[in-house]
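# Structural description and commentary
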Amino acid sequence: MKKYSICGLNVLMDAGEITSRQAEKYLSPEGFEKADITVVPTKEAIEAYTARCKTTDEISSYMVEAGIFYRQLLNFDGVFLHASAVVYNDRAYLFSAPCGTGKSTHTSLWLELLGDRAYILNDDKPAIRVLGDGIYAYGTPFSGKHDISVPKAVKLGGVCFISRGEEDKVSRMENREAVLKMYHASLRKIDEQQLDKELEVLQKIAMNIPVYKMECTPTLNAARVAVEAMTKGE
């Protein structure tokens, strides 16, 4: 097993091919004595995922490993969101949407608009942790088929749920709606006790971080509107 530093935690992981490759940049350079999180997928769990989802064992291993990591991340006030995370002015902004809606397209438009002032922190499953000095977004090796991630922690500036529209407009959600939206964008293969913890973390995020919804077009103007609405005061 190899030692990694992921989300500010010591992680011991016996990973398959995909996770091992994507986690290389997260290897712990100095090692550690005690692991906060241990990820050891069983052959039975991988085979069951393969049979249920009709996919390859390599992809199944990656998904099972993400689930094991996530369930332990909850113990450290952390969650995953299915989102693309872009960083601008030392703040991370997460955009979530159903597959194929255009969350990665939208964050790529931020890069086009802002140039080297912005970068992608994670393009599939960024983590969020609630810490004593603030709420942070993290790159993770669970970074999708394009494997776009940076092993950094960045203070969270906002979360936005996008849908396709005829014009570009942003509005802020009430806390209850924000928690529900984030819940549906998180990993939900968890037990009742873990669900209570997940909802507790999501509520803390919603109470302290602005959560938006946005109708948008796949154009540069959408990025302009989002940047203006979400980065005020930054």
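Residues numbered from 1 in each chain as written. Predicted model: local features only at pLDDT ≥ 70, side-chain atom pairs only at ≥ 80, totals over all residues. Heavy atoms only, no water.

## A word on the overall build of the chain
Of the regular secondary structure elements, the chain holds 7 helices and 12 strands. Taking 2.2 N^0.38 as the reference for a compact globule, 234 residues should give roughly 17 Å; the C-alpha atoms of the chain span a radius of gyration of 17 Å, in line with that estimate. Dimensions along the principal axes, computed over C-alpha positions, put the chain at roughly 50 × 40 × 40 Å. Taking all 234 residues of the chain together, 50% fall into the buried category. Partitioning the contacts of the chain with sequence separation of at least 6, the portion at a separation of at least 24 is 68%. Per element, the accessible surface of the chain, about 11600 Å² overall, is 48% carbon and sulfur. Between the mean site of the 29 positive side-chain charges and the mean site of the 32 negative ones, the chain shows a separation of 2 Å. (Helix = DSSP H or I, 4+ residues; strand = E, 2+ residues; numbered from the N terminus. Rg over C-alpha atoms; globule rule 2.2 N^0.38 Å. Buried < 20%, exposed > 50% of the residue type's maximum accessible area, 1.4 Å probe, protein only. Contact = heavy atoms within 4.5 Å. Areas by Shrake-Rupley, 256 points an atom, 1.4 Å probe, with all protein chains shown as cover. Lys, Arg positive; Asp, Glu negative; His and termini not counted. Charge placed at Lys NZ, Arg CZ, Asp CG, Glu CD.)

## Quick look at the layout of surface pockets
Each pocket or cavity is described by its volume, and for the largest pocket that value is around 410 Å³. As for the largest pocket, its lining consists of 16 residues, of which His82, Cys99, Lys103, Asp124 and Lys125 are closest to the centre. Taken as a whole, the second largest pocket holds about 320 Å³ of empty space. Tyr49, Arg52, Met63, Gly67 and Lys189 are the residues nearest the centre of the second largest pocket, which is lined by 14 residues in total. (1 Å grid on protein atoms, 1.4 Å probe; cavity = no way out; pocket = protein on both sides within 12 Å on 5 of 7 lines; lining within 4 Å. Points joined across faces, edges and corners; volume = space filled by probe spheres on them.)

## Quick word on the packing of helix α5 (residues 175-184) against helix α6 (residues 192-208)
Pairs of packed helices are described in terms of their axes, by the angle between the two and the distance that separates them. Viewed as axis vectors pointing N to C, α5 and α6 meet at an angle of 130 degrees, and their least axial separation amounts to 9 Å. The pairing of α5 with α6 is recorded here as oblique in orientation. Here the hand of the crossing between α5 and α6 comes out right-handed. Contacts between α5 and α6 involve Asn175, Ala178, Val179, Met182 and Tyr183 on the former and, on the latter, Leu195, Glu198, Leu199, Leu202, Gln203, Ile205, Ala206 and Met207. Among the residues forming the contact of α5 with α6, the class breakdown is 10 nonpolar, 2 polar and 1 charged. (Axes fitted to C-alpha atoms, helices over the stretch in contact; angles between N-to-C directions. Parallel < 35°, antiparallel > 145°, perpendicular 65-115°, else oblique. Left-handed = near helix turned anticlockwise from the far one by under 90°. Nonpolar A, V, L, I, M, F, W, Y, C, P; charged D, E, K, R; others polar.)

## Looking at the sheet that holds strand β3 (residues 37-39)
Taken in spatial order, the 3 strands of this open sheet run β1-β2-β3, and their pairing is mixed. Among the strands making up the open sheet, the edge pair consists of β1 (2-6) and β3. Each adjacent strand pair in this sheet contributes to an overall mean axis angle of 25 degrees, direction not counted. Two strands pair when backbone bridges link them, and strand β2 (residues 9-13) and β3 are joined in this way by 3 bridges, in the parallel orientation. In the sheet register, Met13 faces β3, and the bridge partner there is Val39. Taken strand by strand, helix α3 (residues 57-73) contacts β1, β2 and β3, and its axis lies near 160 degrees from that of β3. (Pairing = 2+ DSSP bridges.)

## What about the packing of helix α4 (residues 103-114) against helix α7 (residues 220-230)?
Where α4 contacts α7, the axes come no closer than 8 Å and their chain directions differ by 85 degrees. Accordingly, the angle class assigned to the pair α4 and α7 is roughly perpendicular. Of the residues in α7, those touching α4 at His106, Leu109, Trp110, Glu112, Leu113 and Leu114 are Leu220, Ala222, Ala223, Arg224, Ala226 and Val227. Split into classes, the residues belonging to the contact of α4 with α7 amount to 9 nonpolar, 1 polar and 2 charged.

## With respect to the pattern of salt bridges
This model, assessed by the stated rule, comprises 7 salt bridges. For the salt bridge of Lys125 with Asp124, the shortest nitrogen-to-oxygen distance reads 2.9 Å. By relative accessible area, which is 12% here, Asp124 ends up buried. Glu177 is the salt-bridge partner of Lys213, the closest N and O atoms lying 3.4 Å from each other. (Salt bridge = Lys/Arg side-chain N within 4 Å of Asp/Glu carboxyl O.)

These figures capture arrangement, not role.
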